[in-house]
Amino acid sequence: MMRLGDRLKKTRRDSFIGRDEELRRFGRALDGGLDAPRVLFLHGPGGVGKSALLRRFADEAELRNRPVVQVDGRTAPADAQGFGRAVGPASEDPRAVLLIDTFEDLGHLETWLFDECLPCLPDGTVTVVAGRQAPDPVRLADPAWADLLDVLPVTALDPAESRLFLQGRGIPEPLHQDILSFTGGHPLALALAAAAAVRHTGPAPGADHAVAGSPGQDVIAALLRHLVGDPPTQAHRAALEVCAHAHITSEQLLRALLGERGRELFAWLREQPYIETTAAGVHPHDVVREALEADLRWRDPDGFADLHTRLRVHLLERVRTAVPARFLHAVGELQFLYRRDGFMSDTHRWHPYGLVEDLPCRPGHEPAVVELVRHREGTDSARTAAHWLARQPEAFRIQKVPPGDDVAGCSAWLKLTAFDGESHDPVAAVAWEHVRRHGPLRTGEHISMARFHVGRGTYQRPSPVMDLALWRMFGEIVRDEKLAWTFIVMRDDGFWDKHLLHCDMRPVDTAVEIGGHRYRLFAHDWRPLPTASWLAEKTDGMLGTALADSATAGAGTESAGRQGGDALVMTHAEFTAAARSALRTLRWPDELALSPLQNSRLVRAHAMPLEDVLCNAIHHLPLERGGEKGHRAALAAFVEGAPTQEAAARRLGLPFSTYRRHLAGAIERITDIMWRHEIDGTPLRRPGAPATG
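On a predicted model such as this, the values are computed, not experimentally measured, just so you know.

Draft legend 1. Inspection of the pattern of salt bridges at higher detail. All told, the structure shown has 37 salt bridges when counted by the stated rule. Between Glu-371 and Arg-374 there is a salt bridge, with the nearest N and O atoms lying 2.7 Å from each other. A residue pair is termed a helical-turn pair when its members lie 3 or 4 positions apart in one helix, as Glu-371 and Arg-374 do in helix α19 (residues 366-377) at three residues. A residue is classified by how much of its surface remains accessible, and Arg-374, at 36% relative accessible area, is partly exposed. Here Arg-437 and Asp-509 are joined by a salt bridge, their closest N and O atoms 3.5 Å apart. Taken as a pair, Arg-437 in helix α21 (residues 426-438) and Asp-509 in the loop between β13 (506-507) and β14 (512-514) lie far apart in primary sequence, 72 residues in all. Linked through salt bridges whose partners overlap, the residues forming this network are Glu-21, Arg-24, Arg-25 and Asp-150.

Pasting the structure below:
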């Protein structure tokens, strides 16, 4: 007669996924032999599947007719004498298999277990201990245990195994990627998210997947309860939240943000089973990071915004002051804060530090650099690279992939004063023409030009080599106080358009053809808005806008005749013309109602009247360098209602020519501010207005 327990066992066995290596090593222990381990020690964070693996071990042992003794640390006696009685049956048969689960609840018995209990078992007994913490390092250093103890970290399922898991739970294919992105293959997270997906959509195809793809607060709360528990104090919770938002957390970072308790809190973090240690510091398991961040965003949005701001300010200063060896590390840490902006994660992977080395171009590297450029871009481009290598060798960086010594990639960050390279490099010629037309240099200023992003394995696509090139661009911009314009040069294939537009790098009108390949320059004038203010603006957008909007953030480069959701999609030129026209009709509601901007994302996505959008853009002017004069001119012309420009000039006490110059600059800046928010999908609020989720 089949019992309910038999059905449960069969279902668990049939739904078991992966763990091939762990099963192989357990099988080796069951096979015996002089060199086979007698004790397996499984360790890993809560919910990672240790108990499920022990159940599978029990099935395997029973298939070999070996008696199984199971002890659970949650219910076993917590003293040595009582625990010894619980494991006693394993000492009666040399073929017994002893399985000890939840050993973290009995951690105080570890020394007794290894020194007194296990040595008394028959030599043929196989013991498996499972707990959240790894065994004491002293145990691993004991030569007596070297051949008898096999320590197995239990980690998340890989992507293929995770997809099999979801298929087995009847989760529709369109939901898989969203669930995998949140769970990182963690089995408990997968199970909870799968159950939530079934509740929201049911197993039938064609359900509304938008809701099910995102974990609900019930899933997040369950994960935190199982994986993290209750931190001892609010300070410990704050340390966890820092650790979840930062890429890598060091003791120094905790001291900077949380004060002198940073050392104590860092030591506590290192002891937690869901925290992983690297050469640079500690970080949480992916699913713990995701759950902690999602919980804080939901529970205390203002607290999350404050944490992000404090981290941004601290890490920005680290970028400015970092020694060369730590420079790219600091930039990567700062950019990690923006991984949720809907763009950064598309082009950055935050590979382990040291995977690729970024080095200055030294004498002797030139032939390898020129050959890399020739291989990817052709002879003409290689000739231009040789020209710049001779003029600015310090501008070039090379990348190597250890342990090899070959040059795996290169890039250049050229600093140019007027009009360097104009006659030798067609790209520089286009850059200088753009500067002449849109913002000539002032005394002491220069431009920068990012060129020759070449990798041996990939060409201008996300990779560890490309990550470092992009990080260096951003870091150099942050550190350069005399920088007027930046130009980033990319193959004109559209791949980087959305990302660079999001970073306010606008494509110049003229493309360049070199060696049969078209290149596009993306430009930004950094003088109106310093990098610190620019980053603060990006923060407001990331914290205040739903990530769903960012899927269409590059739509501003498409033609005007199409619709993007409910918003009209316009080119830059069309948007600028509409914005200029709207400013002139700001005080005439009937005419303003006919503006194409009424169907822009600025208005439709945030339910903000166009009048407010225009006024808010005008009030952003004083935040920009030299913007106060333009602000006064724009207020007089568009808000306060001077009947003519001459009257506005008289009201401000300015010569008419000076007033018109101020107003022309103001209009250009206003339209640029509006376009930036239209592209990003971020609401254009009045400065100082509170952000709303």
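Draft legend 2. Summary view of the nonpolar core. Ranked by size, the top nonpolar core spans 68 residues in total, and within it Leu-223, Leu-269, Leu-311, Leu-334 and Met-490 carry the most contacts. Sort the elements by how many residues they give to this core and helix α22 (residues 464-479) lands first, with nine residues. Those residues in contact with Leu-334 that lie beyond four places of it in its chain are Arg-312, Leu-315, Leu-316, Val-319, Phe-474 and Leu-535. Ala-578, Leu-586, Ala-649 and Tyr-659 belong to the second largest nonpolar core, which has 38 residues in total.

Draft legend 3. Just the environment of Leu-53, in detail. Following the sequence through the fold, Leu-53 ends up in helix α3 (residues 50-63). Exposure remark for Leu-53: the relative accessible area of 0% places this residue in the buried category. Remark: the alpha-carbon pair of Leu-53 and Ile-17, spanning 36 residues in sequence, is separated by 9.8 Å. The contact partners of Leu-53, leaving out residues within four places of it in the chain, are Phe-16, Arg-19, Glu-22, Leu-42 and Val-154.

Draft legend 4. Broad picture of the sheet that holds strand β2 (residues 68-72). If you trace the five strands from one edge of the open sheet to the other, you get β2-β3-β4-β1-β5, paired in parallel fashion. Of all the strands in the sheet, just β2 and β5 (149-153) have a single pairing partner and so form its edges. Strand-to-strand twist in this sheet, taken as the mean axis angle between neighbours without regard to direction, amounts to 15 degrees. Here strand β1 (residues 39-43) runs beside strand β4 (residues 126-131); their pairing, made up of five bridges, is parallel. Directly across from Leu-42, in β4, lies its bridge partner Ala-130. Against the sheet, α3 makes contact with β1, β2, β3 (97-101) and β4, and its axis sits at roughly 170 degrees relative to β3, the strand it touches most.

Draft legend 5. Region of interest: the packing of helix α13 (residues 251-258) against helix α14 (residues 262-271). Contact pair α13 / α14: the axes reach a minimum separation of 8 Å and the direction vectors enclose 130 degrees. Taken together, the axis directions place α13 and α14 in an arrangement best described as oblique. Seen from above, α13 lies across α14 with right-handed handedness. Residue-level contacts link Glu-251, Leu-254, Arg-255 and Leu-258 of α13 to Gly-262, Arg-263, Leu-265, Phe-266 and Leu-269 of α14.

Draft legend 6. View of the side chain of Lys-50. With respect to the helices, strands and loops of the structure, Lys-50 is situated in helix α3. At 5.7 Å, Glu-104 is the nearest oppositely charged side chain to Lys-50, a buried residue that forms no salt bridge. A polar side-chain atom of Lys-50 sits 3.1 Å from the main-chain carbonyl oxygen of Pro-45.

Draft legend 7. Structural detail: the state of the cysteines. A full pass over the atoms with the stated rule returns zero disulfides. The structure places no disulfide on Cys-117, whose sulfur is separated from the nearest cysteine sulfur, that of Cys-120, by 7.1 Å. When its relative accessible area of 8% is taken as the criterion, Cys-117 is described as buried. The thiol sulfur of Cys-410 is not disulfide-bonded, and the nearest other cysteine sulfur, from Cys-361, lies at 8.1 Å.

What counts and what doesn't
Residues numbered from 1 in each chain as written. Predicted model: local features only at pLDDT ≥ 70, side-chain atom pairs only at ≥ 80, totals over all residues. Heavy atoms only, no water. Salt bridge = Lys/Arg side-chain N within 4 Å of Asp/Glu carboxyl O. Helix = DSSP H or I, 4+ residues; strand = E, 2+ residues; numbered from the N terminus. Buried < 20%, exposed > 50% of the residue type's maximum accessible area, 1.4 Å probe, protein only. Core = buried A, V, L, I, M, F, W, Y, C linked by side-chain atoms within 4.5 Å. Contact = heavy atoms within 4.5 Å. Pairing = 2+ DSSP bridges. Axes fitted to C-alpha atoms, helices over the stretch in contact; angles between N-to-C directions. Parallel < 35°, antiparallel > 145°, perpendicular 65-115°, else oblique. Left-handed = near helix turned anticlockwise from the far one by under 90°. Lys, Arg positive; Asp, Glu negative; His and termini not counted. Polar contact = N/O pair within 3.5 Å; in protein donor to acceptor, adjacent residues only side chain to side chain. Disulfide = S-S within 2.5 Å.

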